[in-house]
Amino acid sequence: MVLLDVLGKRWTLRILWELTQGPATFRELQRRCDDISPTMVSKRVGELRELGFVTREAEGYGLTLLGHELAQEFINLEAWANRWAETRLDEQGGRK
C-alpha cells in the first residue's frame with residue numbers, strides 16, 4: 001500500500017515516466033512535466049530518491065535499477081490499458 005500511496009501522489013508517475021526517456025537536470029525535468037512548480041519537482045524527486053527509484057547523476061536525475069524495473073511495469077500497464085480501451089470501444093459499438 002505504501003507504493004500505491006506514493007505513486008498516487010500528483011506528478012509522481014509523470015516524473016518517473018519522463019525519466020524513462022533518460023536523465024534530466026532539475027530544469028529539464030520541470031520542463032518535461034509541463035513546467036510544474038520547482039517546489040513540486042523538488043518534493044517528488046526527494047520522495048522518489050528516498051524510496052530508491054531515482055538517483056542524482058552527473059547528467060541530472062535518473063532512474064535507479066529499481067526505478068527502471070518499476071517503469072517496465074508502467075509499460076506493461078499501458079499495454080493492458082490499450083487492450084482494455086479497445087474492448088470498451090468494441091462493447092460500445094465504436095469500432096467496426
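Here, the structure is the one placed above.
Residues numbered from 1 in each chain as written. Predicted model: local features only at pLDDT ≥ 70, side-chain atom pairs only at ≥ 80, totals over all residues. Heavy atoms only, no water.

Draft legend 1. Layout of the overall build of the chain. Counting secondary structure elements, the chain contains 5 helices and 2 strands. Here the chain has a C-alpha radius of gyration of 16 Å; the compact-globule value for 96 residues is 12 Å, and the former is much larger. The dimensions of the chain, computed from C-alpha atoms along their principal axes, are 50 × 25 × 25 Å. Within the chain, buried positions represent 31% of all 96 residues. Restricting to contacts in the chain with at least 6 residues of sequence separation, those with at least 24 account for 44%. Summed over all atoms, the accessible surface of the chain reaches about 6600 Å², with 53% contributed by carbon and sulfur. Positive and negative side-chain charges of the chain, numbering 14 and 15 respectively, have mean locations separated by a distance of 5 Å. (Helix = DSSP H or I, 4+ residues; strand = E, 2+ residues; numbered from the N terminus. Rg over C-alpha atoms; globule rule 2.2 N^0.38 Å. Buried < 20%, exposed > 50% of the residue type's maximum accessible area, 1.4 Å probe, protein only. Contact = heavy atoms within 4.5 Å. Areas by Shrake-Rupley, 256 points an atom, 1.4 Å probe, with all protein chains shown as cover. Lys, Arg positive; Asp, Glu negative; His and termini not counted. Charge placed at Lys NZ, Arg CZ, Asp CG, Glu CD.)

Draft legend 2. Broad picture of the packing of helix α2 (residues 12-19) against helix α5 (residues 65-91). The geometry of α2 relative to α5 is characterised by a closest axis approach of 10 Å and an angle of 100 degrees between their N-to-C directions. Comparing the axis directions of α2 and α5 gives the class roughly perpendicular. In contact with Leu 13, Leu 16 and Trp 17 of α2, α5 contributes Leu 70, Phe 74, Ile 75 and Glu 78. Classifying every residue of the contact of α2 with α5 by side-chain character gives 6 nonpolar, no polar and 1 charged. (Axes fitted to C-alpha atoms, helices over the stretch in contact; angles between N-to-C directions. Parallel < 35°, antiparallel > 145°, perpendicular 65-115°, else oblique. Nonpolar A, V, L, I, M, F, W, Y, C, P; charged D, E, K, R; others polar.)

Draft legend 3. Just the pattern of salt bridges, in detail. Tallied over the entire structure, the rule returns 7 salt bridges. Between Glu 28 and Arg 32 there is a salt bridge, and its shortest N-O distance comes to 3.2 Å. Of this pair, Glu 28 and Arg 32 both sit in helix α3 (residues 26-32), 4 residues apart, which is roughly one turn of the helix. Classification of Arg 32 as buried rests on a relative accessible area of 16%. (Salt bridge = Lys/Arg side-chain N within 4 Å of Asp/Glu carboxyl O.)

Draft legend 4. Seen up close, helix α4 (residues 38-50). For α4, which comprises 13 residues, the first-to-last C-alpha distance of 18 Å matches the rise-based estimate of 18 Å (1.5 Å per residue) to within 8%. Just past α4, the residue Gly 52 takes up positive phi, approximately 90 degrees. (Expected span 1.5 Å × (residues − 1).)

Draft legend 5. Up close: the packing of aromatic side chains. This structure, assessed with the given rule, holds 1 aromatic pair. Ring geometry for Trp 80 and Trp 84: centres 6.4 Å apart, planes at 10 degrees, overall stacked. Here Trp 80 pairs with Trp 84, and both are found in helix α5, just 4 residues apart, close to one helical turn. Classification of Trp 80 as partly exposed rests on a relative accessible area of 47%. The class of Trp 84 is partly exposed, set by a relative accessible area of 46%. Above the face of the Tyr 61 ring, Arg 56 is positioned so that its terminal group lies 4.9 Å from the ring centre. (Phe/Tyr/Trp six-rings, centres within 6.5 Å; stacked < 30°, edge-to-face > 60°. Lys NZ or Arg CZ within 6 Å of the ring centre and 35° of its normal.)

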